[in-house]
Amino acid sequence: MTNYLKYKSIMNKIADVQYSSAVLNWDQETYMPPKGAAFRAQQLATLAGIAHELSTTEELGHLLISLSQDNSLSEKEKRNIKESLKKYNDNKKYTTSFVEELSKSISEAFQAWQEAKKTSNFSLYAPYLEKLVKLKREECKLLGYVEHPYDAMLNQYEPDAKTADLEVLFADVRNQLVAFVKKIAAKPQNNDSFMYLHFDKDKQWEFGVGLLKQMGYDFEAGRQDISSHPFTTNFNSEDVRVTTRTNENNLNEMIWSCIHEGGHALYEQGLPVSEYGLPSGEYISLGIHESQSRLWENNVGRSLPYWNTNFSSLQKIFPENFKNVSTEDFYKAMNIVKPSLIRTSADELTYHFHILIRFEIEKALIQGSIEVKDLPDYWNEKYKEYLGVEVPNDAQGVLQDIHWSHGSFGYFPTYSLGSFYAAQFFAQALKEIPELESEIEKGNTKPLLDWLREKVHIHGKYYTAAELCLFITGEKLNFNYFMAYATKKYSRLYHL
Ligand code: CO
């Protein structure tokens, strides 16, 4: 066996273990009975340990070093080795005791967060979060960074991203989006009351499945189930699962989670199955992953052409609720801009203020310029400043998101990156596929999916996020695309 084949076989084995954990995780979120929780946690911890051992063996290290000097490899193989070696070296930086301490602190913080959120009592959570932040600061040192300690956190989700670049990006958000949202707020608000009537859950489900099929989601290589927090998971590119949730009194939840998770799933289904377990078979970064979900959710799903083809079927399913509603009314309702308290239900413009606030807080926490005890006040001030809303309690404020209790610092910015990449990619798709909108208007999204497959999906991790953006659009990430999209769309919606 050649060294490269040996490498491939080890990577396959690691993937087998990790995807087996993913199946158990999926089951835990969907069907597992409550009493299954204790042993499930143990099973997942055991598999995580095995994967870590397989990923850090001396054998793999030697193999990767020797392959990294092998000039007979193809360009793609060389990229795989480079990527795997980087990951190997990062894995080696963690001592077993650190991993165990981190994992224990996360379990404790998560428990405390759940209780604190239920009772809206930040002080129950604060000591555990303090411990976790301390470990995260240590982790930054362990992983190493050149410019800013927060870079080390970011790079776990968005390789090569820099705090300094995000500061420039979010300065644009602040300077341009704040003023634009103020202009919208000065206009009369559109009506969306018909989205909150009674919608039968089974009928909603049926409609959502129809939307997924229309997007090109392959039900022979996936399935949809219900979970309290919608997500996408995959065990290989031929088994990519999505979940959704239905709320009888709010049609938004099902529609947007179906399209959003569908976008994530199309990316995973489009990764080359022959590259299983290798970087060339994996997604690039969370920002690029999110660009795929948001492109479908916002640029396609919240557009008029999309509902010109789909609204009549929705009307047929819910004739009473929509008897006096036009496609234009429906389009306006799904694009209401209104500053609010909760990130996950925010509109596509004010959403980025929620991220901006979290970015500023995380950066300050990680570099040590604020401490955990300052968080609620800091949070509430920022919400007043950027969104103009008073935070009534911590449950609806600093305690709303699960991320920090999971130790996920550096994750939030990838949501905004996703929207900005999506706007730039979609602008390019419109340029390269002149009939794109008229085809969407006929219910045909295949030209778009084919384009995304060719430009993004089939490459796996061959490009970095920055390289992919350059490859697709000829320039680096540029916030102006998002702003141009927003200006055009919302100027029409709000008669600016
Ligand atoms: Co997403």
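As a reminder, the structure under discussion sits directly above these lines.
The structure displayed is predicted, hence computed values, not measured ones.

### Considering a negative patch on the surface
For step 1, the next point in the chain: Judged by side-chain charge, Asp200, Asp202, Glu206 and Glu248 come together as a negatively charged surface patch.
For step 2, the next point in the chain: Structurally, Asp200 is set in the loop between helix 8 (163–185) and helix 9 (201–215).

### Here's the deal with unusual backbone geometry
For step 1, the next point in the chain: A positive phi is found at Ser120, a non-glycine position, where the angle reads about 50 degrees.
For step 2, the next point in the chain: Assignment of secondary structure puts Ser120 in the loop between helix 5 (96–119) and helix 6 (122–143).
For step 3, the next point in the chain: With phi around 50 degrees, His495 is a residue other than glycine that occupies positive phi space.

### Considerations on the coordination of the cobalt ion
For step 1, the next point in the chain: Donor atoms from the polypeptide that coordinate the cobalt ion comprise His260 (NE2), His264 (NE2) and Glu290 (OE), at 2.1 to 2.3 Å from the metal.
For step 2, the next point in the chain: When the donor residues of the cobalt ion are listed from N- to C-terminus, their spacing reads H-x3-H-x25-E. Pair noted here: His260 is in helix 10 (residues 251–270) and Glu290 is in helix 11 (residues 286–300), with a separation of 30 residues, a long-range link.

### A few points about the packing of aromatic side chains
Aromatic ring pairs are described here by two measures, namely the spacing of the ring centres and the angle between the planes.
For step 1, the next point in the chain: In total, this model carries 33 aromatic pairs according to the counting rule given.
For step 2, the next point in the chain: For the ring pair Tyr150 and Phe359, a centre distance of 5.9 Å and an interplane angle of 55 degrees mean the geometry is tilted. Linking Tyr150 in helix 7 (residues 149–154) with Phe359 in helix 14 (residues 351–367), this pair joins segments that are 209 residues apart in sequence. Of the two residues examined, Tyr150 and Phe359, each falls in the buried class.
For step 3, the next point in the chain: Judged by centre distance (4.8 Å) and plane angle (20 degrees), the rings of Tyr463 and Phe471 are stacked.
For step 4, the next point in the chain: Tyr463 sits in the buried class, given a relative accessible area of 16%.
For step 5, the next point in the chain: Put simply, the rings of Tyr157, Tyr351, Trp379, Tyr383, Trp404, Phe409, Tyr411, Phe412 and Tyr415 pair up and form one aromatic cluster.
For step 6, the next point in the chain: Its end group placed over the ring of Tyr351, Arg294 keeps NZ or CZ at 4.4 Å from the ring centre.

### Comments concerning the side chain of Thr473
For step 1, the next point in the chain: Position of Thr473 among the secondary structure elements: in helix 19 (residues 465–473).
For step 2, the next point in the chain: Classification of Thr473 by relative accessible area gives buried; the value is 12%.
For step 3, the next point in the chain: Among the polar contacts made by the side chain of Thr473, one reaches the main-chain carbonyl oxygen of Cys469 at a distance of 2.7 Å.
For step 4, the next point in the chain: A polar side-chain atom of Thr473 sits 3.1 Å from the main-chain carbonyl oxygen of Glu475.
For step 5, the next point in the chain: Beyond its immediate sequence surroundings of up to four residues, Thr473 is in contact with Gln424, Phe425 and Gln428.

### With respect to the packing of helix 3 (residues 58–67) against helix 4 (residues 75–92)
For step 1, the next point in the chain: Packing of helix 3 against helix 4 brings their axes to within 10 Å, and their N-to-C directions diverge by 140 degrees. Where helix 3 crosses over helix 4, the two elements pack in a sense that is left-handed. Contacts between helix 3 and helix 4 involve Glu58, Leu60, Gly61, Leu64, Ile65 and Leu67 from the former and Ile81, Ser84, Leu85, Tyr88 and Lys92 from the latter.
For step 2, the next point in the chain: Class assignment for the residues of the contact of helix 3 with helix 4 results in seven nonpolar, two polar and two charged.

Rules used in this analysis
- Position numbers for residues start from 1 in each chain and track the written sequence from start to end.
- pLDDT decides what is reported in this predicted model: residues at 70 or higher carry local features, side-chain atom pairs at 80 or more are listed and counted, and totals for whole chains, interfaces and linings draw on all residues regardless.
- Side-chain descriptors were evaluated using all non-hydrogen atoms of the structure, hydrogens and water having been removed beforehand.
- Exposure above 30% relative accessible area and no salt bridge define the residues that can form patches, which grow by joining like charges within 9 Å and nonpolar side chains of Val, Leu, Ile, Met, Phe, Trp and Tyr within 5 Å.
- Here the accessible surface of atoms and residues is derived via Shrake-Rupley with a 1.4 Å probe, and residues count as covered only by protein chains that are part of the display.
- What makes a salt bridge here is a side-chain nitrogen of Lys or Arg within 4 Å of a carboxyl oxygen of Asp or Glu, nothing more.
- His is not counted, nor are the chain ends, whereas Lys and Arg count as positive and Asp and Glu as negative.
- A charged residue contributes its charge at one atom only: NZ of Lys, CZ of Arg, CG of Asp or CD of Glu.
- Runs of E in the DSSP output that reach at least two residues are strands. Runs of H or I that reach at least four are helices, and both are numbered from the N terminus.
- Because no water is among the atoms considered, metal sites can look incomplete, with donors defined as N, O and S atoms within 2.8 Å of the metal, or 3.2 Å for Na, K and Ca.
- Two rings from Phe, Tyr or Trp (for Trp, the six-membered ring) form a pair when their centres are within 6.5 Å of each other. A pair whose planes differ by under 30 degrees is stacked, one over 60 is edge-to-face, and the rest are tilted.
- Only protein chains enter the calculation, and the probe is 1.4 Å; a residue is then buried if its accessible area is under 20% of its type maximum, exposed if over 50%, and partly exposed in between.
- Here, over-ring charges are defined by two tests on the NZ atom of lysine or the CZ atom of arginine: distance to the ring centre within 6 Å, and angle to the ring normal within 35 degrees.
- A 3.5 Å cut-off defines polar contacts: any pair of N or O atoms within that distance qualifies, except that in protein one atom must be a possible hydrogen donor and the other a possible acceptor, and neighbouring residues in sequence count only when both atoms are side-chain atoms.
- Contacts were defined at the residue level, with two residues in contact if any of their heavy atoms lie within 4.5 Å.
- Axis angles are defined between N-to-C directions and span 0 to 180 degrees, where every axis is a line fitted to C-alpha atoms and, for a helix, only to the segment in contact.
- The handedness criterion is simple: a crossing whose near helix is rotated anticlockwise from the far helix by less than a right angle is left-handed, and one whose near helix is rotated clockwise is right-handed.
- Each residue receives one of three labels: charged for Asp, Glu, Lys and Arg, nonpolar for Ala, Val, Leu, Ile, Met, Phe, Trp, Tyr, Cys and Pro, and polar for the others, Gly being one of them.

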